[in-house]
Amino acid sequence: MSDDHEQYTCPKCGYLNLWTRAEILQRGKEEIYRGDNEVVYSLRCKNPQGCDQRMRIAVKRREK
Ligand SMILES: [Zn+2]
């Protein structure tokens, strides 16, 4: 993951999802903790047509 955003193509609908770190923290659902440094978020596809695919994205924890 780059420092401040993440992108992936949805495997279900092919929509290119672009997420900023702030969006991931706000809208993602925390699923898995990997030690003290990393959290895996479950993100719903952003396709405006509607898509229920979820992707898991690992995000590094950061001190505020
Ligand atoms: Zn999708």
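Looking only at helices and strands, one finds 1 helix and 5 strands in the protein chain. Since a compact globule built from 64 residues should have a radius of gyration of about 11 Å, the 12 Å found for the protein chain is in line with a globular shape. In terms of overall dimensions, the protein chain has a C-alpha envelope of 35 × 20 × 15 Å along the principal axes. Here the protein chain holds 64 residues, and the buried ones make up 30% of them. The long-range fraction of contacts in the protein chain, counting pairs at least 24 apart against all pairs at least 6 apart in sequence, stands at 38%.

What follows concerns the coordination of the zinc ion. Octahedral metals with six donors have ideal donor angles of 90 or 180 degrees. Tetrahedral metals with four donors have an ideal donor angle of 109.5 degrees. The coordination sphere of the zinc ion, as far as protein atoms go, consists of C10 (SG), C13 (SG), C45 (SG) and C51 (SG), spread over 2.3 to 2.4 Å. Each of the 4 donor atoms around the zinc ion contributes to a set of angles spanning 104 to 117 degrees, which defines the coordination as tetrahedral. Between consecutive donor residues of the zinc ion, the sequence gaps follow C-x2-C-x31-C-x5-C. You can call C51 buried: its relative accessible area is 10%.

Structurally, E30 can be placed in strand β3 (residues 29–34). Spatially, the C-alpha atoms of E30 and R62 are 15 Å apart, while their sequence positions differ by 32 residues. Once you skip the residues sitting within four places of it in the chain, E30 turns out to touch V39, V40 and Y41. Reaching out from E30, the side chain makes a polar contact with the side chain of Y41 at a distance of 3.4 Å.

A few words on the nonpolar core. By size, the foremost hydrophobic cluster in this structure holds 8 residues: Y8, W19, I24, V39, Y41, L43, I57 and V59. At the level of elements, β4 (38–44) and β5 (54–60) are the ones that each hand at least two residues to this core. Per-element accounting of this core gives the leading share, 3 residues, to β4. Excluding anything up to four places from it in sequence, Y8 contacts Y15, L16, N17, W19, L43, R44, M55 and I57.

Pairing in this open sheet of 3 strands is antiparallel, and the strands run β3-β4-β5 from one edge to the other. Each edge of the open sheet is held by one strand with a lone partner, namely β3 and β5. Here the strands of the sheet are splayed against their neighbours by 30 degrees on average, with no regard to which way each runs. Two elements, β3 and β4, share 5 bridges in a ladder whose sense is antiparallel. For I32, the partnering residue across the bridge sits in β4 and is V40.

About the criteria used
Residues numbered from 1 in each chain as written. Predicted model: local features only at pLDDT ≥ 70, side-chain atom pairs only at ≥ 80, totals over all residues. Heavy atoms only, no water. Helix = DSSP H or I, 4+ residues; strand = E, 2+ residues; numbered from the N terminus. Rg over C-alpha atoms; globule rule 2.2 N^0.38 Å. Buried < 20%, exposed > 50% of the residue type's maximum accessible area, 1.4 Å probe, protein only. Contact = heavy atoms within 4.5 Å. Donors = N, O, S within 2.8 Å, 3.2 Å for Na, K, Ca; no water. Tetrahedral: all angles 85-135°; square planar, octahedral: opposite > 155°, others 65-115°. Polar contact = N/O pair within 3.5 Å; in protein donor to acceptor, adjacent residues only side chain to side chain. Core = buried A, V, L, I, M, F, W, Y, C linked by side-chain atoms within 4.5 Å. Pairing = 2+ DSSP bridges. Axes fitted to C-alpha atoms, helices over the stretch in contact; angles between N-to-C directions.

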